[in-house]
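Summary of structural features
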Amino acid sequence: MSNEENMIKEALYYQRGNSGEEAEKELLVLERRELTEKEIEEFVKKWGGSYSSLFCYRLSESFFYPEGGGQPCDRGSIAGAELLFVEENEGELWHYLEVDLPEGEKVLCKFDADFRRWQSENHSAEHIFSGLVTGRFPYKNSGFHMECFGENPHMTVDFDGEFSEKELEELEQGVNAVIRKNLPIREIYLEGEEENTSSERKDGNISFRQKKALEGDIRIIEIPEVDSCACCGTHLSFTGEIGVFTILSYEKHRKGCRLTMLAGELAFLALEKKLKLLSGFAQSLSRPWTEIPEAFQSLQERIFAKEEEKREILEAGISLLEEKILKELEEKRKGIEDGEKPERPAKALFLGSPLKDSCFSYYGKNQYLFLYLSDLGVKDLQKICDRLRRSLPLSLICLGKKEEGFSVVAGSREEDMRAFGKLMGEKLSFRGGGQKEMIQGSSVKGFEEMNAFIERIL
């Protein structure tokens with residue numbers, strides 16, 4: 001990374017580490033428990049991996065953040081062993097490891113400070129976004145999940161209502177405006193109370209959101225004039241430490257919507273990557289990146305025009321083939337009517353040659369015709385197959401190109417194509433289904449196996 005890029009990153013993300021906490025600390029192992037085989041199976045089913053043995057430990061202090069409230073647990077290590085999971089159970093934190101540690105031993109615990117910061121940046125940004133939504137819309141936050149590690153870091157937030165494109169743009173700008181104000185992010189603790197199930201509560205002078213029924217001591221995360229919400233997650237000290245926020249995608253979800261978002265350093269890196277891709281695309285089009293929409297639309301129109309031209313040529317080729325088949329069938333019928341002797345073999349209707357990987361090839365004889373149309377999808381194959389099966393006294397098998405093998409659509413006026421599909425299943429690993437007149441599916445076999453099958457049935 002260049003010095004300039006480092007300066008930009010340091011300017012945006014001046015908070016390194018984790019609000020003054022130490023990223024490592026020596027703690028005592030207070031309690032050890034080895035998981036049973038059944039418990040290991042349940043752990044693997046939920047979290048993946050493969051383990052011959054698993055142990056969970058209770059330590060002398062709460063050092064690692066446990067999973068909770070949509071936020072994954074900390075990443076880190078204990079005594080050099082990878083920390084697999086941290087959970088809270090009846091007020092105690094349990095830490096899962098693959099190694100066996102004795103009770104009473106002092107162990108060095110380390111958490112990944114960058115990962116905790118990424119989670120804090122995103123969690124704080126989500127509070128700003130949800131606070132702005134609550135202040136403007138009658139919607140409730142119905143789901144939240146973060147993934148701040150791997151090739152596709154993101155967080156998803158669900159609401160029980162929908163937004164327009166303009167509203168999303170205004171919300172995104174609003175979050176970044178709050179970030180630039182560098183407002184304090186405060187922790188407020190309320191003493192234990194009876195369980196309250198409402199989504200909004202007011203305790204004294206403090207009004208706050210809650211996503212589920214809460215009782216006992218409550219921790220509130222407050223951003224002045226933006227949001228107050230009951231939360232157990234990790235957060236930053238000031239909104240300015242987030243740096244930047246972006247909405248990655250929007251989709252309808254159940255009776256509302258789901259937003260995929262990103263904030264902080266991970267958002268900065270994602271936007272940097274996106275800008276490089278856009279710049280590269282603009283350069284390939286010989287246009288400034290600000291003109292990409294117009295250039296892309298022009299390129300799309302040219303592609304569609306070429307596709308339409310190709311489709312017309314293909315349609316013409318299919319029509320000529322249709323005419324050729326009908327002509328040969330008519331000549332064959334006339335030959336019989338003109339006194340062709342029954343003992344003489346009827347003239348064979350032989351079409352094309354073994355299929356090959358081209359835009360249009362065909363192979364058939366007598367009652368079967370195989371068409372390979374590499375550029376067509378299943379819907380177009382269905383249309384062509386249905387058209388030809390109605391006009392020709394043949395069984396049509398239309399094949400399209402797949403990454404592995406063929407798309408298959410087969411139809412006939414007279415033959416039960418379900419029986420033919422069963423035959424293809426035995427010989428070509430065909431998988432699919434349909435009605436008597438038409439079936440569709442796919443085969444993983446290649447040209448060699450397909451041509452050998454055609455020659456056997458012809």
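In case you missed it, the structure is sitting above this.
If you're wondering where the values come from, they're calculated on a predicted model, not measured in any experiment.

**Details of the packing of aromatic side chains**
One pass over the full model with this rule turns up 24 aromatic pairs. Centre to centre, the rings of tyrosine 368 and phenylalanine 420 are 5.3 Å apart; their planes meet at 25°, and the pair counts as stacked. Separated by 52 residues along the polypeptide, tyrosine 368 in strand S19 (residues 368–372) and phenylalanine 420 in helix H8 (residues 417–428) bring together distant segments of the chain. A single burial state applies to tyrosine 368 and to phenylalanine 420, both of which are buried. Above the ring of phenylalanine 149, the side-chain terminus of arginine 75 is found at 3.5 Å from the ring centroid.

**Quick notes on the pairing of strand S20 (residues 395–401)**
Of all seven residues that make up S20, six are buried, and the element is covered over most of its length. Pairing of S19 with S20 involves five bridges; the strand directions are parallel. Of the residues in S20, the one forming a bridge with leucine 369 is leucine 396. Once you follow S19 into helix H7 (residues 378–391) and on to S20, the crossover reads as right-handed. Of the pairings in the sheet, the one linking S20 to strand S21 (residues 406–412) comprises seven bridges and is antiparallel in character. Bridging across to S21, cysteine 398 finds its partner in valine 409. Hairpin remark: S20 followed by S21, antiparallel, with four residues in the connecting loop; positive phi at glycine 405, about 90°.

**Some details on the layout of surface pockets**
Estimates place the volume of the second largest pocket at around 610 Å³. At the level of elements, helix H2 (37–47) and strand S8 (141–147) are the ones that each hand at least two residues to the lining of the second largest pocket. Per-element accounting of the lining of the second largest pocket gives the leading share, three residues, to S8.

**A look at the sheet that holds strand S7 (residues 106–111)**
Here we have seven strands laid out as an open sheet, ordered S4-S3-S7-S1-S2-S6-S5, and antiparallel in their pairing. Taken across any chain shown, the strands that pair with only one partner, and hence form the sheet edges, are strand S4 (81–82) and strand S5 (85–89). In this structure, strand S2 (residues 55–59) lies alongside strand S6 (residues 92–97), joined through three bridges in antiparallel fashion. By the bridge assignment, phenylalanine 55 is partnered in S6 with leucine 97.

What counts, and at which threshold
Residues numbered from 1 in each chain as written. Predicted model: local features only at pLDDT ≥ 70, side-chain atom pairs only at ≥ 80, totals over all residues. Heavy atoms only, no water. Phe/Tyr/Trp six-rings, centres within 6.5 Å; stacked < 30°, edge-to-face > 60°. Helix = DSSP H or I, 4+ residues; strand = E, 2+ residues; numbered from the N terminus. Buried < 20%, exposed > 50% of the residue type's maximum accessible area, 1.4 Å probe, protein only. Lys NZ or Arg CZ within 6 Å of the ring centre and 35° of its normal. Pairing = 2+ DSSP bridges. Right-handed = clockwise from strand over helix to strand, strands pointing away. 1 Å grid on protein atoms, 1.4 Å probe; cavity = no way out; pocket = protein on both sides within 12 Å on 5 of 7 lines; lining within 4 Å. Points joined across faces, edges and corners; volume = space filled by probe spheres on them.

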